[in-house]
Amino acid sequence: MNVTETLSQGLKREFQVVLNAADLKTRLDDELQNLQGKAKINGFRPGKVPVGHLRRLYGRSVMADVVQNAVNEANQKIVADNGLKLAFEPQIKFPENKDEIEAAMEAKGDLAFTVALEVLPKIELADLSDVSLVKPVTETPEADVDAALERMAGQNRPFASKGDDAVAEKGDRLLISFTGTLEGQPFDGGTGTGIPLDLGSGQFIPGFEDQLQGAKKGEQRTVAVTFPENYTATHLAGKPAEFAVTVDDVQAPGELTIDDELAKGFGMESLDALKAAIREQLGRELGAQSRRKLKKSLLDALDTKYSFELPPTLVDQEFGSVWSQVEADMKEAKKSFADENTTEEEARAEYRKIAERRVRLGLVLAEIGEQAKIQIADDEVTQALIERARQFPGQEKEVWEFYRKNPQALAEIRAPIFEEKVVDHLLGQVKVEDKSVSREELYADDEAEGEAKAKPAKAKKAKKAAASDEASA
């Protein structure tokens, strides 16, 4: 096997590999000899099938295996001999001349093919001793605990019938049955029986509840509404509809009680225990937000420390992912770039910068993790997989099996674990100062402050998600 480098341009490499006919014949003969000891063919004793007969029967398929093995061997040799780290699987290009291929497949001619590679850049780790970060921290406000308690009590508030002649008022609960039509024809999902509707909750299509104010038990009304433009069922979005509604009952809310009995309904032994659980949960949420902001500050600092050539294909893939989300959001909002005083070209340029940032930070974090010898334990992956499966009630087993049988999917579970460990490692190398802030400050959309005013609202959300959280290590 003769390997010659034919291109070294930036992060792109190409190598010419030549397998001469004699080498191909030797490899083919070796494979046929191995097959001879295993082949079972009618008319021949095991292990006694003539090699020539095997060549006639299986020679071409065996040679295909020989070529594939040679390609794999060449790839490994190229990577090992040149100390390369690949960004993608090598791209193999065989000759276009069919006669040349046929001759090689019969071991009567040389086989020459090209191996094209895209490699990862060599990254020199930066000194982070001058990096100082501020970690915003917030104590759980008691008002938030009280508000959560009121919501929980509201969800468990009893309702009682107001009687036949009582009229429905804001805050009352109606039990309704209805049939919806579009242009006089019923549609899927447009019917319901005994459906609870709390007036003032805004849980139905805009305008639906308003037309039931003052209704009485047994009353029938025709409610005319228009589905929102961004309605989740696209076949209904923006369309006018009518609902024939029957009010089955009008119910008044009972007293809102916050006591030990409420707590017991949520599996807690007392109101104090329920408050403590709420406080702990809210504290975890605040802590997670604090961590996100600190992580973003760290990634911003890293971004200023590194500048190197990026693998073009990695950037293209990342940009494609970001841009597809932007387009989906624009379509949902029914907006164009012209509506927002910008152009698609300008938006593409900006989002490509975001893609480049994500790729750059991902490579940096991967290199830091490798040099720090950061490992992920099997039980960490298992726990993360359990959490993922819990997101699909009733399908836990299927989700579990899917990830266990798909290494690439499982790698998506491992990646954020690895990233968070690298972040922890880096936070131990920089100066971090806690700063007490209000809840509003903690959740302030600081990313939006630096965005151009002309960007579409939905696209802003995609930009924030792309630039601020995961670095896709």
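Since we're looking at a predicted model, the values are computed, not measured.

Q: Tell me about the pairing of strand β8 (residues 185–198), and please be specific about residues and values.
A: Bridge analysis of strand β7 (residues 173–182) against β8 gives eight bridges, and the strand direction is antiparallel. Across the sheet, residue L175 finds its bridge partner in β8, namely P196. Between β7 and β8, which follow one another and run antiparallel, lie two residues, and E183 among them has a positive phi close to 50°.

Q: Any details on the sheet that holds strand β1 (residues 2–9)? Residues and values, ideally.
A: The four strands are arranged β1-β2-β4-β3 in an open sheet whose pairing can be described as antiparallel. Of all the strands in the sheet, just β1 and β3 (91–93) have a single pairing partner and so form its edges. Each adjacent strand pair in this sheet contributes to an overall mean axis angle of 20°, direction not counted. The sheet contact formed by strand β2 (residues 12–19) and strand β4 (residues 111–118) spans eight bridges and is antiparallel. Residue pairing in the sheet places F15 in a bridge with V115 of β4.

Q: Run through the nonpolar core, naming residues and quoting values.
A: Of all hydrophobic cores here, the largest spans 36 residues; its most connected members are L133, L302 and L426. Counting only elements with at least two residues in this core, the list comes to α6 (271–305), α8 (344–371), α9 (378–390), α10 (396–405) and α11 (407–427). Looking at this core, the element that brings in the most residues is α11, giving nine residues.

Q: An account of the packing of helix α4 (residues 142–155) against α6 is needed here, citing residue identities and associated values.
A: Viewed as axis vectors pointing N to C, α4 and α6 meet at an angle of 115°, and their least axial separation amounts to 10 Å. When the axes of α4 and α6 are compared, the crossing they make is right-handed. Residues E142, D144, V145, A148, L149 and M152 of α4 touch α6, and the partners they reach there are L271, L274, K275, I278, R279 and L282. Considered class by class, the residues forming the contact of α4 with α6 number eight nonpolar, no polar and four charged.

Q: Please give an account of the side chain of E118 that cites residues and values.
A: Within the secondary structure, E118 sits in strand β4. In this structure, E118 is buried with no salt-bridge partner, the nearest side chain bearing the opposite charge being K12 at 5.6 Å. Looking at E118, its side chain comes within polar contact range of the side chain of T313, at 2.6 Å. For E118, the residues in contact, after removing those within four places along its chain, are L11, L86, A87, F88, P311, P312, T313 and L314.

Rules behind the numbers
Residues numbered from 1 in each chain as written. Predicted model: local features only at pLDDT ≥ 70, side-chain atom pairs only at ≥ 80, totals over all residues. Heavy atoms only, no water. Pairing = 2+ DSSP bridges. Helix = DSSP H or I, 4+ residues; strand = E, 2+ residues; numbered from the N terminus. Axes fitted to C-alpha atoms, helices over the stretch in contact; angles between N-to-C directions. Core = buried A, V, L, I, M, F, W, Y, C linked by side-chain atoms within 4.5 Å. Buried < 20%, exposed > 50% of the residue type's maximum accessible area, 1.4 Å probe, protein only. Left-handed = near helix turned anticlockwise from the far one by under 90°. Contact = heavy atoms within 4.5 Å. Nonpolar A, V, L, I, M, F, W, Y, C, P; charged D, E, K, R; others polar. Lys, Arg positive; Asp, Glu negative; His and termini not counted. Salt bridge = Lys/Arg side-chain N within 4 Å of Asp/Glu carboxyl O. Polar contact = N/O pair within 3.5 Å; in protein donor to acceptor, adjacent residues only side chain to side chain.

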